[in-house]
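Commentary on secondary and tertiary structure
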Amino acid sequence: MPEQTHHGLPHHDTYEHLISLLDSSHIDYRLLDHEPEGATEAVCALRGHPASEAAKCIVLRVKVDRRTTRHVLAVVPGDRRVDLDAVRALFDARYVGFSDPETAERLARAVPGTVLPFSFDPGLEVVADPDVVAQPKLYFNAARLDRSLCISGADYERLAKPRIERVAVPASAQV
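Keep in mind it's a predicted model, so treat the numbers as computed, not measured. (Residues numbered from 1 in each chain as written. Predicted model: local features only at pLDDT ≥ 70, side-chain atom pairs only at ≥ 80, totals over all residues. Heavy atoms only, no water.)

**A short note on the packing of aromatic side chains**
The relative placement of two aromatic rings is captured by the distance of their centres and the angle of their planes. For the coordinates displayed, the defined rule picks out 3 aromatic pairs. For the pair Phe118 and Tyr156, a centre-to-centre distance of 5.4 Å together with 85° between the ring planes defines the contact as edge-to-face. In this pair, Phe118 sits in the loop between α4 (101-108) and β6 (124-128) while Tyr156 sits in helix α6 (residues 153-160), placing the two residues 38 residues apart along the sequence. Assigned by exposure class, Phe118 and Tyr156 land together as buried. In textbook terms, an aromatic cluster arises when at least three aromatic residues are bridged by ring pairs, as seen for Phe118, Phe120, Phe140 and Tyr156. Sitting above the plane of the Phe91 ring, Arg163 keeps its charged end 5.1 Å from the centroid. (Phe/Tyr/Trp six-rings, centres within 6.5 Å; stacked < 30°, edge-to-face > 60°. Helix = DSSP H or I, 4+ residues; strand = E, 2+ residues; numbered from the N terminus. Buried < 20%, exposed > 50% of the residue type's maximum accessible area, 1.4 Å probe, protein only. Lys NZ or Arg CZ within 6 Å of the ring centre and 35° of its normal.)

Structure representation (structure tokens):
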């Protein structure tokens, strides 16, 4: 019996969905098993690559106006952080902030630390920084804390079809 989330959905369904999508799209990928880890810097060390080659995935709440809230999956290089002002400008929004964990988990269909740079929910729009799709090797947790995936940024872009926008700033940049 698969592990259950508190929503009653099996964790590994998102993983299986991803693998079948990659296989049916004839995408070249590599799976890496490692100790369970969701923090970007730590998992990069386990996988043995620089953080710039990781896809950091953050679910954001974008309030366009009083009645309209959108959810955006921002995908940035692992050594950067999301530029909330840039996202706000993209959507001409009044407010942009991090989504609450329950909403993020429901929309991403994955627990925090395992969010994919893909969306399998029509209510979650993907915006990826151009430096993500430019990576020859792009690493991310495969909807599991103990397994990661490596594909090319070009294949990721072809498959995920994210909106490509400059949404990352250096991790050291002031808020």
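**Here we look at the layout of surface pockets**
Space inside the largest pocket adds up to approximately 370 Å³. Along its surface, the largest pocket is lined by 23 residues, and Cys57, Pro112, Gly113, Thr114 and Val115 are the ones closest to its centre. The set of elements that each furnish at least two residues to the lining of the largest pocket consists of α2 (40-47), β2 (55-63), α4 and β7 (138-141). By residue number, the principal contributor to the lining of the largest pocket is β2, which donates 5 residues. (1 Å grid on protein atoms, 1.4 Å probe; cavity = no way out; pocket = protein on both sides within 12 Å on 5 of 7 lines; lining within 4 Å. Points joined across faces, edges and corners; volume = space filled by probe spheres on them.)

**A word on the nonpolar core**
Side chains that are nonpolar tend, in soluble globular proteins, to be buried together. Leu18, Val75, Phe118, Phe140 and Tyr156 are the most contacted members of the largest nonpolar core, which totals 32 residues. Of all the elements, helix α1 (residues 12-24) adds the most residues to this core, at 4 residues. The contacts of Phe140, once residues within four sequence positions are left out, are Leu18, Arg47, Ala55, Leu116, Pro117, Phe118, Ser148, Leu149 and Ile151. Formed by 14 residues, the second largest nonpolar core is a distinct cluster that contains Val72, Val127, Val167 and Ala168. (Core = buried A, V, L, I, M, F, W, Y, C linked by side-chain atoms within 4.5 Å. Contact = heavy atoms within 4.5 Å.)

Any link to function would need more than the numbers given here.
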